[in-house]
Every structure is written in C-alpha cells, then in structure tokens.
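Listed below, chain by chain, are the residues.
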Amino acid sequence: MDLTRRNCLQGTLATLAGAGAGSLSPALAVPARTRKGGFQLAELFGSPKSRDAKLARQIGVTHAIASGGLGRVRREQYVETMQKLKDAYAEAGITVVGVESHPVPFEKLKLGLDGRDEEIENSKWAIEALSKVGINMICYNFMAGLGWSRTRVDLPERGGALTSEFDVEVANKRGPTQWGEVSEEKLWDNLTYFVKAVMPVAEKFGVKMALHPDDPPLSPLRGIGRILTSAKAYRRVMDIVPSPVNGITFCQANFKLMGEDIYSLAKEWTSKKKIFFVHFRDVDGTKQKFHETFHDNGPTDMVRMLQIYSKAGFNGPIRPDHAPTIEGEANDRPGYNMGGKVLAFGYMKGIMEALKLPYE
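Note that the coordinates shown come from a computational prediction; the quantities given were computed from them, not determined experimentally. Once a new chain begins, its residue numbering starts again from 1 and follows that chain's sequence as written. Note on the predicted model: pLDDT of at least 70 is required for a residue's local features to be given, and 80 or more for side-chain atom pairs to be given and counted; whole-chain, interface and lining totals, by contrast, use all residues. In computing side-chain properties, one takes all heavy atoms of the structure into account and sets aside hydrogens as well as water.

Considerations on the environment of I59
The secondary structure listing takes helices from DSSP runs of H or I that are at least 4 residues long and strands from runs of E that are at least 2 residues long, numbered from the N terminus. As for its placement among the helices and strands, I59 is situated in the loop between α3 (51-58) and β2 (63-66). Each residue gets one of three labels from its accessible area relative to the maximum for its type: buried under 20%, exposed over 50%, partly exposed in between, using a 1.4 Å probe on protein chains only. Note on I59: relative accessible area 16%, which makes it buried. It is 15 Å that separates the C-alpha atoms of I59 and F45, two residues lying 14 residues apart in sequence.

Following this line, the structure appears as structure tokens:
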C-alpha cells in the first residue's frame, strides 16, 4: 500500500474516534465480523480482481454492487454469466447484493425508440437470471439521453482535493444533445410502459427494482425532460404498479437538491419498506448549482440519516457515493476513486459503532 493509502487509513482511524467510538471496539479489532443484518456496507466495483475491490476488502467491506454486463452475451447466457461473476466475487471474499447501472441496455426504451420491446424482453430475462443466482436488487434510472451530469470535475474541495460541480448555466451553453427535445410527457409514457411490463416479472422472481432519481433533479436538461425530480414523482411511479418490489434507490443528495425534507422522507419510505438501496452522499448548493462534498463536511446531518434508516428498519445495501479525488490519485474517474471512499467507510463505521447500529 502506498503512502497516500496509508495516510487515508490513518485518517480513517482518527475519524472512527472522532465519530464517538472512543477507541476501537473488539468487533473492529478482529478481521472477521459475525454481526448480521442492518446496513450492508457495499461498493460498486468494475471487477472483483480490481485494486479497488482488494482495498475495500482490506478495510472490511464485504458486499458488492456489480455492473451486470449482460449486454455482451445472449439471453441464454445470462444465468451462467452472472453466476461466474458472483463466484468470482465470492473468491475475493465479497458478496454481490445488487446490480447497478442496468444489467442490460435500455436506452431505446427510455427514449421511446424502435427496439424498446426487445430491451424490455432482455430486462425480463435479466431479472429471472439474477434471481436464479441469488441477486435480488437492481438499481436502475430513467435519465434518457444523459446520465448523471456535471459541468466540472476539478473544483477544489477541502485541502485541494478535486470534486465535481454542476452549473445549469454552463450546461445550457452546451446546447441540446443529439436527441433534441424530449418532453416529460413522453418520458412518463415510456417509464409507465416499462414499469407495467417489467414489475410483474420482478415480483414473480422476488427482485427489488430500486429506481434512482435524476441527477441533477431539474427539467429539462439540455432539451431532455427529467421526471424523477420530486417525492411526488416517486409516489406516482409506485402507484403505476403497486408492488413490494417497486421501490427506491434513496440517493440522499438528489432528494436534498429537490428541496425535500430528506429526514422525514427517509423515515417514511424506510418504514414502508420502499427504500431498497441507499446512496450515502452529500452536496452543497442548489439543483441549479452545487458541488459534491466529502462525506464528513457537507450540510446534511449524516449521523442523523444513519440513525433514521436504522431505527426505521432498513436492512440492505448502502454505499458511499461520489467521493472527491484526493492527493496522489489520478482524476480519471471523478467521484469513483477509492481514496475518499476509505474516509467515507471509516466515517460510516465509526458512526455505526458509536451508536450501535447493526451493519455487516
């Protein structure tokens, strides 16, 4: 481990103490945890053999959110492909608890283009395949034409770390995308079509569909409507097909940017068992202009958020998202380098230990 990583881990230990843990408990002093239930500390990895996965395992993270990658194989190979991926993670000491960023492509579906029915059929096959290998959560989004968007990725944060920023004025100057104007009404039609087709299959196989909010949650963005920009919109989606598997990826920062009371919303939806996956992150600013913060220096009461989830009965994966790039790291994967995540995991574990919140 290089000097930068060692310094990060030293900072993590200090964070644990600063979060109220006082000193390392016996549960943290041993290499293997026996506690089960509550939060599943997880991270999104490109590969179980990656440096990130090895580092995460070293700091006690034992759960993964995988990218399906099923778009490269035939439907008949979905089960075999996912089983091999799950087994590879297991060999690394990591349990796959969900899939993020769509197990199969469905951009045509979002935009309402020819070929959307084939993408829906692929989605159904993917849901069944995931169920057969014991993976029961999919984090999907409905950001058509554009994914999560930022206008800058080198904004100085604490101590000169680099973070990402969104500024709607800068975004607007970039003009429309190749897709031109796409209305909110069309997107609602497309999302409704998808949910009605896929949700019964997900319920049949017990796979939770965790819908991620638009990032940023404003509409339109460069000519494309964004519809998942409020709690009201989420309630509308859950009413399209009322089902125990029709739920939410609760990306805290996006709901905060919507202007929602995220404390009461987290309590409400966790109590109703509608939050299947938590993206633990914070931002400073408004949806028109904001930047990512370190997990321990944003405006949200992160301790309170963890308390709310736990007390309301959350039992599932949580991952720290969009950490700044720290000294010694290349800024080639803004938001997804592991240095800032080491701090985030230490911060989260410190809070959980101090407050005796169950996690694994």
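Regarding the sheet that holds strand β5 (residues 152-156)
In this description, strands pair whenever DSSP reports at least two bridges between them. The strand order β5-β6-β11-β10 describes an open sheet built from 4 strands, whose pairing is antiparallel. Edge positions in the sheet fall to β5 and β10 (283-285), since each of these pairs with one other strand and no more. Direction aside, neighbouring strands of the sheet carry axes that sit 35° apart on average. Of the pairings in the sheet, the one linking β10 to strand β11 (residues 289-292) comprises 3 bridges and is antiparallel in character. Inter-axis angles, ranging from 0 to 180 degrees, are taken between N-to-C directions of lines fitted to C-alpha atoms, where helices are fitted over the stretch in contact.

Section: the packing of aromatic side chains
Ring pairs shown here join Phe, Tyr and Trp side chains whose ring centres sit within 6.5 Å, with only the six-membered ring taken for Trp; geometry is labelled stacked below 30 degrees between planes, edge-to-face above 60, and tilted in between. Tallied over the full model, the rule gives 14 aromatic pairs. With centroids separated by 5.7 Å and ring planes inclined at 75°, the aromatic side chains of F255 and W269 adopt a geometry described as edge-to-face. Here F255 is found in helix α10 (residues 252-257), whereas its partner W269 is found in helix α11 (residues 262-271), with 14 residues between them in sequence. A single burial state applies to F255 and to W269, both of which are buried. Arranged with centres 6.1 Å apart and planes meeting at 50°, the rings of Y309 and F314 form a pair that is tilted. We note that Y309, like F314, is buried.

Brief notes about the environment of L85
Positionally, L85 belongs in helix α4 (residues 78-91). For the pair L85 and G69, spaced 16 residues apart in sequence, the C-alpha to C-alpha distance is 9.8 Å. Residue contacts follow a heavy-atom distance rule, with two residues in contact if any of their heavy atoms lie within 4.5 Å. With residues up to four places along the chain from it excluded, the contact list for L85 reads P48, A66 and S67.

With respect to empty space enclosed by the protein
Points on a 1 Å grid over protein atoms alone make up a cavity when a 1.4 Å probe fits among them but cannot get out, and a pocket when they form an open set with protein on both sides within 12 Å along at least five of seven lines; lining residues each have an atom within 4 Å of a point. Grid points are joined across faces, edges and corners, and a volume is the space filled by probe spheres set on the points. According to the stated counting rule, one finds 2 cavities of 30 Å³ or more in the structure shown. Reported here for the largest cavity is a volume of approximately 70 Å³. H102, P103, V104, F106, S123, I127, I138, Y140, F194 and M209 together form the lining of the largest cavity. Only Asp, Glu, Lys and Arg are considered charged, only Ala, Val, Leu, Ile, Met, Phe, Trp, Tyr, Cys and Pro nonpolar, and every remaining residue, Gly among them, polar. Looking at the lining of the largest cavity, its residues break down into 8 nonpolar, 2 polar and no charged. Here the second largest cavity is characterised by a volume of approximately 60 Å³.

Digging into the pattern of salt bridges
Definition used for salt bridges: Asp or Glu carboxyl oxygen within 4 Å of a side-chain nitrogen of Lys or Arg. Here the structure, examined in full by the defined rule, presents 18 salt bridges. Among the salt bridges present, the one from K110 reaches E107, with a minimum N-O distance of 3.8 Å. Here E107 and K110 lie together in helix α5 (residues 107-111), a separation of 3 residues that amounts to about one turn. According to the relative accessible area criterion, K110 is buried, its value standing at 3%. Judged by its relative accessible area of 30%, E107 falls in the partly exposed class. Between R158 and D296 there is a salt bridge whose closest N-O contact spans 3.0 Å. Here R158 is found in the loop between β5 and β6 (162-167), whereas its partner D296 is found in the loop between β11 and α12 (302-311), with 138 residues between them in sequence. The exposure class of R158 is partly exposed, given its relative accessible area of 39%.

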